[in-house]
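Residues per chain, in single letters:
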Amino acid sequence: MQEKHPAGGYQAAGTWNVSPRTLSRQERRTSFGEVESTLTLAQAVQEANRCLYCYDAPCIQGCPAQIQIPEFIARIRSHNLTGAAEVIYRDNPLGAICGRVCPVEALCQKACTSCRINTPIAIGSLQRFVCDLAIQEGRIAFQDETNVLGKVAVVGGGPAGLSCAHYLRQRGCEVDLFEKEDLAGGLLRWGIPIYRLPEEVAKREIDLITNRVALHRKYLLGTQAEDFLKQYDAIFLGIGLSSPILLRTPGADLPGVYAAASFLRALREKKGGDFAFYGKEIAVVGGGATALDAARSAIRLGASKVTVLYRRTAEEMPAFSSEVEAAFQEGVDFLWLMSPVEITPVDGRLKLILEGIRLGEPDESGRASVIPTGVRTNFLADAVLVAIASQAEPAGVEGWMDRPKVFRGGDLTGGATVVQAVADGKEAALRIISWLEKGGSQ
Ligand SMILES: Cc1cc2nc3c(=O)[nH]c(=O)nc-3n(C[C@H](O)[C@H](O)[C@H](O)COP(=O)(O)OP(=O)(O)OC[C@H]3O[C@@H](n4cnc5c(N)ncnc54)[C@H](O)[C@@H]3O)c2cc1C
Ligand code: SF4
């Protein structure tokens, strides 16, 4: 008996690959503890032994950061764990973070040849195992060249800016990193919840980069474009999309209606107590990573019922499939093909008027277009978390686009994953280095 595996291959009724220990549904509903544990050495070696070491390594093509996956897996097999870590960190300075948060089912593991035989190699779990151990044992020390190639401003301390800063420093550039918050990390600090990315794990890898640059915290890039252009040999903009877009429906500004991004941030700042969700019914509007993390976090705060309202179907949800599956497991409900058109207060609660949707021909985004049917229904909730979209901090982009010497990457240029931001930051650093080596001409 074979079952279709989410990554495209077939899985026999038994399990082929090792799997990390995961918290039970009940544990997840009552704590923010990390859902998955790191593999043991025995599990990692067992999994490494399954790798086919394919000559064309399609897994590498599936990795935006181009980590040499079979090379690091071969080193695990021979118990050379320091060597395995070196291979990973060569192409991705946020290896332990990405080993946790990469949507591997859509990237390297989707491309893995082993899908055709049974299940993909657990590349993400292996990467996490190697990087966790290397960092815990203090085996990661990046070497930077000492000759100064140039002076670069990196704006935004999220994964795109951090990666760019790292590769620039390795080649000997002086780097000034400007971050509008009091800590660098971007969504690694303020977005992704701790049950998927513990604070300490993020901090360790972020510090390994920020310790090697001049970090200017609480610095909001605004109208300083001309000064920056004079002062620096090149500028990298990795400011992400940090301003949430709110609903435009009547009632969207009522008390009890929150931006999901602000809710997630409050949890990371340990201000979850501001959200008295225990025993309450929560509606979450949206279908991306923010919506799913907000729903799963509300469950952990003790909400009695959490419903994700999404205007398309599960197939079109931008959230990663592993997140949708985890939300189902944790008891999150979903209402598809529904969009709120009005919110009104009723007896201390919120009444959402939802309009039914039917899907039409693909729009410019390539996804099915959304056609309101006119059929309306009421939905009651105690609080509403809105996660429909976000945009760049307006002050950060005005007057900056399409200037010579200005390079960009990450979510600002259409990325949507940490590893894509890392890859963009690396690519921009290599372009900046080549531009500086040629004396500043493209
Ligand atoms: C809730 C949530 C969960 C997610 N889960 C995952 C996941 O599991 N896996 C995954 O791969 N991706 C996930 N993502 C997406 C991922 O976090 C982003 O793709 C990634 O962080 C983008 O990196 P970035 O550096 O481009 O932007 P950001 O991480 O947004 O960093 C931008 C930085 O720039 C700073 N900044 C902004 N404007 C200015 C300014 N004007 N001046 C100075 N600094 C400024 C910001 O404060 C921030 O530190 C998630 C996103 C969210 C919101
Ligand atoms: S595609 Fe899969 S089996 Fe082949 S080298 Fe990569 S990880 Fe190993």
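Residues numbered from 1 in each chain as written. Chains lettered and ligands numbered in written order. Predicted model: local features only at pLDDT ≥ 70, side-chain atom pairs only at ≥ 80, totals over all residues. Heavy atoms only, no water.

1. So, the overall build of the protein
So the rule is basically this: Labels follow the DSSP assignment, with helices taken as runs of H or I lasting at least four residues and strands as runs of E lasting at least two, numbered in each case from the N terminus. This radius of gyration counts C-alpha atoms alone. The globule rule is 2.2 Å times how many residues there are, raised to the power 0.38. Burial classes: relative accessible area under 20% of the type maximum marks a residue as buried, over 50% as exposed, and values in between as partly exposed (1.4 Å probe, protein chains only). Only heavy atoms enter the contact rule, under which two residues are in contact if any of them lie within 4.5 Å. Using a 1.4 Å probe, accessible areas were evaluated by the Shrake-Rupley method; residue-level cover was limited to the displayed protein chains. Under this rule, positive means Lys or Arg and negative means Asp or Glu; His and the chain ends count for nothing. For the purpose of locating charges, the reference atoms are NZ of Lys, CZ of Arg, CG of Asp and CD of Glu.
When helices and strands are tallied, the protein shows 17 helices and 17 strands. In terms of C-alpha radius of gyration, the protein reaches 23 Å, essentially the compact-globule figure of 22 Å for 442 residues. For the protein, the spread of C-alpha atoms along the principal axes amounts to about 70 × 60 × 45 Å. Looking at the protein as a whole, 54% of its 442 residues qualify as buried. Nonlocal contacts in the protein, meaning residues at least 24 apart in sequence, comprise 72% of its contacts between residues at least 6 apart. With the model as given, the accessible surface of the protein reaches about 19600 Å², and the carbon-plus-sulfur share is 51%. Separation of charge centres in the protein, based on 48 positive and 51 negative side chains, amounts to 1 Å.

2. Focus on the pairing of strand β10 (residues 305-309)
Keep this limit in mind: Pairing between two strands is assigned when DSSP locates at least 2 bridges connecting them. A clockwise path from the first strand over the helix to the second, with the strands pointing away from the viewer, defines a right-handed crossover.
Counting buried residues in β10 gives four out of five residues, a clear majority hidden from the surface. Summarising the sheet, strand β9 (residues 281-285) and β10 pair through five bridges and their orientation is parallel. The partner of V284 across the bridge, within β10, is V308. A crossover links β9 with its parallel partner β10, the connecting element being helix α14 (residues 289-300), and its sense is right-handed. Pairing of β10 with strand β11 (residues 333-335), which is carried by three bridges, proceeds in the parallel orientation. Bridged to L309 within β11 is L335. What joins β10 to β11 is helix α15 (residues 321-329), and the crossover it makes is right-handed.

3. A closer look at the site of ligand 1
This is how it is decided: Nearness is judged by heavy atoms alone; a residue qualifies as near a molecule or strand once a single heavy atom is within 4 Å of it. In protein, a polar contact requires one atom able to donate a hydrogen and another able to accept it; more generally it is a pair of N or O atoms within 3.5 Å, and residues adjacent in sequence count only if both atoms are side-chain atoms.
Residues in close proximity to ligand 1 total 37 residues, the closest being V101, E179, R196, L221 and D411. One of the side-chain N or O atoms of E179 is found 2.5 Å from an oxygen atom in ligand 1. Separating an oxygen atom of ligand 1 from a backbone N or O atom of L187 is a distance of 3.0 Å. If you list the elements that add at least two residues to the shell around ligand 1, you get α9 (159-170), α14 and α17 (418-437).

4. Topic: the packing of helix α4 (residues 69-77) against helix α5 (residues 81-91)
The line we're drawing: Note on geometry: axes are C-alpha line fits, over the in-contact stretch for helices, and angles between N-to-C directions span 0 to 180 degrees. Angle categories are assigned with fixed cut-offs, so that under 35 degrees is roughly parallel, over 145 is roughly antiparallel, 65 to 115 is roughly perpendicular, and the rest are oblique. What makes a crossing left-handed is the near helix being turned counterclockwise from the far one by less than a right angle; a clockwise turn instead makes it right-handed.
The geometry of α4 relative to α5 is characterised by a closest axis approach of 7 Å and an angle of 165° between their N-to-C directions. Classed by the angle they form, the pair α4 and α5 counts as roughly antiparallel. Between α4 and α5 lies a crossing whose hand is left-handed. Between α4, through E71, F72, R75 and I76, and α5, the contact on the second element is made entirely by L81, G83, A84, E86, V87, I88 and R90.

5. What about the site of ligand 2?
Note the cut-off: Charged means Asp, Glu, Lys or Arg here, nonpolar means Ala, Val, Leu, Ile, Met, Phe, Trp, Tyr, Cys or Pro, and polar covers whatever is left, Gly included.
For ligand 2, the full set of nearby residues is C51, L52, Y53, C54, P58, C59, P70, C112, T113, I121 and I123. Here the residues of the shell around ligand 2 are counted per class, giving 10 nonpolar, one polar and no charged.

6. Quick word on the domain arrangement of the protein
Filter applied, for reference: Domain borders in the structure are assigned automatically or taken from a domain database. Throughout, the accessible surface (probe 1.4 Å) given up by two parts as they are put together, summed over both, is called the buried area. When a carboxyl oxygen of Asp or Glu is within 4 Å of a side-chain nitrogen of Lys or Arg, the pair counts as a salt bridge.
According to the domain assignment, the protein consists of domain 1 (2-136), domain 2 (151-242 + 392-437) and domain 3 (243-389). Computed from C-alpha atoms alone, the centre-to-centre distance between domain 1 and domain 3 is 31 Å. With eight residues of domain 1 at the interface, the matching set in domain 3 holds 15 residues. Summed over both partners, the interface of domain 1 with domain 3 comes to about 1000 Å²; 49% of that surface belongs to carbon and sulfur atoms. Interface area lost by domain 1 to domain 3 is led by R28, R29 and F32, which between them contribute 57%. The tally of links between domain 1 and domain 3 comes to one salt bridge. We note a salt bridge from R28 to E330, for which the minimum N-O separation is 2.9 Å.

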